[in-house]
Amino acid sequence: MFPIDAELSHVAVVLLLSVLSGIGAFLHGRREGRLTGSSFKGLLLDFMTEIIIAVIAGLIAFYIGQIRQLDKPLIYLSVLLASNNGQEMISTIKRLNMDTIVQVISKILTKKGTEK
């Protein structure tokens, strides 16, 4: 029916890899005892959290790879690495963003202080 765009097929692969990594992270977390939900609702919440974090981290890695014009195999490798360590990657990005924001604010405040 609809022609599948090449970009869309790459995003589909990224989503599949990210979901698989999220499932792996969930199972690994259960085995380690990091995820200890005992009820069905708790398990479902832990599972969905791991999947969503893995997908977000995978998409971030995909778009960074696209911006840097990496080859597709390298992009897929970075997606696997990022989505498998999703929480750590997102925490790192938050920290980097906060550092950048603090630097910009201090430059603005320093600039205003010297204009007086």
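Everything numeric in this text was worked out from a predicted model, so none of it was measured.

(A) Fine view of helix H2 (residues 40-67). Between its first and last C-alpha atoms H2 spans 40 Å; for 28 residues at 1.5 Å apiece the expected length is 40 Å, and the two agree. Among all positions in H2, only Asp46, Glu50, Ile51, Ile53, Ala54, Val55, Ala57, Gly58, Ala61, Phe62 and Gly65 are buried. Of the residues trailing H2, Gln69 is marked for its positive phi of about 55°.

(B) Summary view of the pattern of salt bridges. Going through the model one piece at a time under the given rule, you end up with two salt bridges. Measuring nitrogen to oxygen at the nearest pair gives 3.1 Å for the salt bridge that ties Glu50 to Arg34. Separated by 16 residues along the polypeptide, Glu50 in helix H2 and Arg34 in the loop between helix H1 (6-32) and H2 bring together distant segments of the chain. Arg34 gets classed as partly exposed once you look at its relative accessible area, which sits at 46%. Among the charged side chains, a network of salt bridges with common partners joins Glu32, Arg34 and Glu50.

(C) Summary view of the packing of H1 against helix H3 (residues 72-84). H3 packs onto H1 with a crossing angle of 30° between their chain directions and a minimal axis gap of 8 Å. Taken as axis vectors, H1 and H3 run roughly parallel relative to one another. Considering only the axes of H1 and H3, their crossing is right-handed. Residues His10, Val13, Val14, Leu17, Ser18, Ser21 and Ala25 of H1 lie in contact with H3, whose contacting residues are Lys72, Tyr76, Val79, Leu80, Ser83 and Asn84. Partitioned by chemical class, the residues of the contact of H1 with H3 number seven nonpolar, five polar and one charged.

(D) Structural context of the side chain of Ser21. Along the chain, Ser21 turns up in helix H1. Among the residues examined, Ser21 registers a relative accessible area of 8% and is labelled buried. The contact partners of Ser21, leaving out residues within four places of it in the chain, are Ala54, Leu80, Ser83 and Asn84.

(E) The arrangement of the packing of aromatic side chains in detail. Following the criterion strictly, the structure yields two aromatic pairs and no others. Judged by centre distance (5.1 Å) and plane angle (65°), the rings of Phe62 and Tyr63 are edge-to-face.

(F) Expanded view of the nonpolar core. By size, the foremost hydrophobic cluster in this structure holds 11 residues: Val11, Val14, Leu17, Ala57, Ala61, Phe62, Ile75, Tyr76, Val79, Ala82 and Met89. Among the secondary structure elements, those contributing two or more residues to this core are H1, H2 and H3. A per-element tally of this core places H3 first, with four residues. Setting aside residues up to four positions removed in sequence, Ala82 forms contacts with Ala57, Ala61 and Met89.

(G) Spatial organisation of unusual backbone geometry. Phi at Gln69 is positive, roughly 55°, even though this residue is not glycine. Along the chain, Gln69 falls in the loop between H2 and H3.

Each value, and the rule that gives it
Residues numbered from 1 in each chain as written. Predicted model: local features only at pLDDT ≥ 70, side-chain atom pairs only at ≥ 80, totals over all residues. Heavy atoms only, no water. Helix = DSSP H or I, 4+ residues; strand = E, 2+ residues; numbered from the N terminus. Expected span 1.5 Å × (residues − 1). Buried < 20%, exposed > 50% of the residue type's maximum accessible area, 1.4 Å probe, protein only. Salt bridge = Lys/Arg side-chain N within 4 Å of Asp/Glu carboxyl O. Axes fitted to C-alpha atoms, helices over the stretch in contact; angles between N-to-C directions. Parallel < 35°, antiparallel > 145°, perpendicular 65-115°, else oblique. Left-handed = near helix turned anticlockwise from the far one by under 90°. Contact = heavy atoms within 4.5 Å. Nonpolar A, V, L, I, M, F, W, Y, C, P; charged D, E, K, R; others polar. Phe/Tyr/Trp six-rings, centres within 6.5 Å; stacked < 30°, edge-to-face > 60°. Core = buried A, V, L, I, M, F, W, Y, C linked by side-chain atoms within 4.5 Å.

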